Every structure is written in structure tokens, then in C-alpha cells.
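Okay, here's what each chain looks like letter by letter:
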Amino acid sequence: MTTIFEFQLPKGYVNQAGEVSRRGKMRLATAGDEISATRDPRVLSNPSYLSVVILSKVIIELEGLETVTPSVVERMFTADLAFLQDMYQRINDVEPPVMQVVCPSCGHSHDVPLNFTQEG
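Treat the numbers as computed from the prediction; the structure is a model and nothing was measured.

Regarding the overall build of the protein chain
Argument step 1. From N to C terminus, the protein chain includes 5 helices and 5 strands.
Argument step 2. Across the protein chain, helices and strands are ordered from the amino to the carboxyl terminus as β-β-α-α-α-β-α-α-β-β.
Argument step 3. Expressed as a percentage of its 120 residues, the buried residues of the protein chain come to 28%.
Argument step 4. Total accessible area computed for the protein chain in this model is approximately 8100 Å², and 53% of it derives from carbon and sulfur atoms.

Some thoughts on the sheet that holds strand β2 (residues 20-27)
Picture the strands of a sheet paired through backbone hydrogen bonds; they go either parallel or antiparallel.
Argument step 1. With antiparallel pairing, the 3 strands of this open sheet are ordered in space as β1-β2-β3. Where the open sheet ends on each side, the last strands, each with one partner, are β1 (4-14) and β3 (59-62). Ignoring strand direction, the axes of neighbouring strands in this sheet form an average angle of 25°.
Argument step 2. By the bridge criterion, 3 bridges tie β2 to β3 in an arrangement that is antiparallel. Residue pairing in the sheet places Lys25 in a bridge with Glu61 of β3.
Argument step 3. Against the sheet, helix α5 (residues 78-91) engages β1, β2 and β3, with an angle of about 170° to β1.

Structural notes on the nonpolar core
Argument step 1. Ranked by internal contacts, the top residues of the largest apolar core, which has 24 residues, are Phe7, Met26, Leu55 and Leu84.
Argument step 2. Looking at this core, the elements that each hand over two or more residues are β1, α3 (50-58), β3, α4 (70-74) and α5.
Argument step 3. Setting aside anything within four residues of it in sequence, one finds Phe7 in contact with Arg22, Arg23, Gly24, Lys25, Met26, Ile59, Glu61, Leu62, Phe83, Leu84 and Met87.

Observations concerning the environment of Val53
Argument step 1. Positionally, Val53 belongs in helix α3.
Argument step 2. Using a relative accessible area of 3% as the deciding quantity, one classes Val53 as buried.
Argument step 3. Contact partners of Val53, with chain neighbours within four places excluded, come to Ala37, Asp40, Arg42 and Val43.

Focus: the pattern of salt bridges
Argument step 1. All chains considered together, the criterion is met by 3 salt bridges.
Argument step 2. The partner of Asp33 in a salt bridge is Arg27, with the nearest N and O atoms 2.7 Å apart.
Argument step 3. Its relative accessible area of 22% is what places Arg27 among the partly exposed residues.
Argument step 4. Arg90 serves as the salt-bridge partner of Asp86, at 2.9 Å between the closest nitrogen and oxygen. Residue Asp86 and its partner Arg90 are both found in helix α5; the two are separated by 4 residues, about one turn of the helix.
Argument step 5. Looking at Asp86, the relative accessible area reads 38%, which means it is partly exposed.
Argument step 6. Here Arg90 falls in the partly exposed class, since its relative accessible area comes to 49%.

Some details on a nonpolar patch on the surface
Argument step 1. On the surface, a cluster of nonpolar side chains totalling about 240 Å² of accessible area is made up of Val14, Val20 and Phe77.
Argument step 2. With respect to the secondary-structure elements, Val20 resides in strand β2.
Argument step 3. Accessibility expressed as a relative area gives 47% for Val20, which makes it partly exposed.

Scoring rules and cut-offs
Residues numbered from 1 in each chain as written. Predicted model: local features only at pLDDT ≥ 70, side-chain atom pairs only at ≥ 80, totals over all residues. Heavy atoms only, no water. Helix = DSSP H or I, 4+ residues; strand = E, 2+ residues; numbered from the N terminus. Buried < 20%, exposed > 50% of the residue type's maximum accessible area, 1.4 Å probe, protein only. Areas by Shrake-Rupley, 256 points an atom, 1.4 Å probe, with all protein chains shown as cover. Pairing = 2+ DSSP bridges. Axes fitted to C-alpha atoms, helices over the stretch in contact; angles between N-to-C directions. Contact = heavy atoms within 4.5 Å. Core = buried A, V, L, I, M, F, W, Y, C linked by side-chain atoms within 4.5 Å. Salt bridge = Lys/Arg side-chain N within 4 Å of Asp/Glu carboxyl O. Patch = residues over 30% accessible without salt bridge, like charges linked within 9 Å, V, L, I, M, F, W, Y side chains within 5 Å.

Functional significance is not addressed by these values, which are geometric in nature.
Spelled out as C-alpha cells, the structure:
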């Protein structure tokens, strides 16, 4: 079973020296990763910070950096953050929640996946 996945960021993380890091590795998440992230004080005061904390736990390598911390994830471009959130969902087989809807015209009932990570 594969537990570590390589990636290349679309834009790249730019460190304080102006160097760009694009290649990295992400591991599968554990229940402990998610539980400890929900207990993080930053998440308790701002629930939208949850993905930042979880990503900092599961990104095990980003070229040129010794560790990936929440502050590193905070400084990533939004395109890179969206890429990593999508990758996290795909490799961890996170199923999007679904809502059962009924067509007002024909009355047919079907499930529609809800995606909270994309606008519009």
C-alpha cells in the first residue's frame, strides 16, 4: 500500500530568501492527525485554520525546508493551498458529503455531491 505521495506545487512556495520550492511529499493522514488538529488552539479560535494545521502535519517534505509548519502553509499561494487540499482529499479517499435532491420537474430523486472547497 502506498502511504507517501510526491507532488509538485503549481506556483511554488517562496521562502524569505526568495527561493522557490515546488516538489514535496505528502503522507496519508491518521486519525491522530485530525484529532490533534481539532484541538489546536488556532483551530479552536478559527475553525477555517483546520486545513492549514492538518496539511502541516501530513506534508513530510518540501524541497529546501527542514520542516513544514503551519506558518509555511499560511504563506503559500492560494493556488498551491487549493492543490494540496485537493490532493489530501484524493489520497485519503475523503468522500464529499452528498445531499439527496428531488427534481422539481419530474420528481426524480438523486444524490448530488457537495464540494465546500470550490466557489460558485
